[in-house]
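# Analysis of the macromolecular model
Residues per chain, in single letters:
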Amino acid sequence: MKLFNRALVVAFTGLLISCGGKEEKKKDGFQYEEGSKKTESTTQTKKEDGVSEVVITGDDMMKFNLKEIKVKAGDKVKLTLKHIGKLDKNVMGHNFVLLAQGVDLVDFATKAATAKDTEYIPEGSENDVLAHTKILGGGETDIIEFEAPEKGTYQFLCSFPGHYAMMQGKFIVE
Ligand SMILES: [Cu+2]
């Protein structure tokens, strides 16, 4: 019985060590994904001369690869959205919408869902949206540049109808 317990402890420790090893690989904070593994991920930014570069992908499973994006205050943000799926934008369209602080994400997404003619950015929402890409279908990419807003935590989402529940995250300026 004692021996059995010991074996368990060893096995468990091994598990911890292997998990730790995996984390290690991400420590530069910049991980390239080519549709292989899914990430729960934290951030994908890189700083170069006052530019915070962000690459975020959306797929046919209605998912962004990032849940959290971090950029530096005062930087220009260069954000690339890639749709790595195959489905058409009328079926599985994705965009990236960064909301101003204090804007309710669900309220916004509900309004946006009926704004097909303006690519799901509701008319009159200029003050609610800090930045957004166009709607993309499978294989498409859009790149946008904007000034990082002031320090704080913001929310981002895909405003294609029904996607916000799965496709949202935090945009942190620090
Ligand atoms: Cu979407």
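The rules we used
Residues numbered from 1 in each chain as written. Predicted model: local features only at pLDDT ≥ 70, side-chain atom pairs only at ≥ 80, totals over all residues. Heavy atoms only, no water. Helix = DSSP H or I, 4+ residues; strand = E, 2+ residues; numbered from the N terminus. Buried < 20%, exposed > 50% of the residue type's maximum accessible area, 1.4 Å probe, protein only. Contact = heavy atoms within 4.5 Å. Donors = N, O, S within 2.8 Å, 3.2 Å for Na, K, Ca; no water. Phe/Tyr/Trp six-rings, centres within 6.5 Å; stacked < 30°, edge-to-face > 60°. Core = buried A, V, L, I, M, F, W, Y, C linked by side-chain atoms within 4.5 Å.

The protein chain goes by Azurin in an unreviewed UniProt entry, where it is assigned to Zhouia amylolytica AD3.

### Re the overall build of the protein chain
A count of helices and strands for the protein chain gives three helices and nine strands. Secondary structure of the protein chain in N-to-C order comes out as α-β-β-β-β-α-β-α-β-β-β-β. Buried residues in the protein chain amount to 38% of all 174 residues. Long-range contacts, defined here as pairs at least 24 residues apart, represent 69% of the contacts in the protein chain between residues at least 6 apart.

### Some thoughts on the coordination of the copper ion
All of the protein donors around the copper ion are His94 (ND1), Cys158 (SG) and His163 (ND1); their distances to the metal are 2.1 to 2.2 Å. Here the donor residues of the copper ion share one chain and are spaced in sequence as H-x63-C-x4-H. Of the two residues, His94 sits in the loop between helix 2 (89-92) and strand 5 (97-99) while Cys158 sits in the loop between strand 8 (152-157) and strand 9 (168-173), which places them 64 residues apart along the sequence. Judged by relative accessible area, His94 falls into the buried class, the value being 0%.

### Here we look at the packing of aromatic side chains
Scanning all chains against the criterion turns up four aromatic pairs. Taken together, the ring pairs connect Phe64, Phe96 and Phe156 into an aromatic cluster.

### Brief notes about the nonpolar core
In terms of nonpolar packing, the biggest core is built from 25 residues, with Ile56, Ile69, Phe96 and Phe171 touching the most fellow members. For this core, the elements supplying multiple residues, two or more each, are strand 2 (51-58), strand 3 (68-71), strand 4 (76-83), strand 7 (141-147), strand 8 and strand 9. In terms of residue count, the dominant contributor to this core is strand 4 (three residues). Excluding anything up to four places from it in sequence, Phe96 contacts Ile56, Ile69, Leu79, Leu81, Ala131, His132, Thr133, Ile144, Phe156, Leu157 and Phe171.

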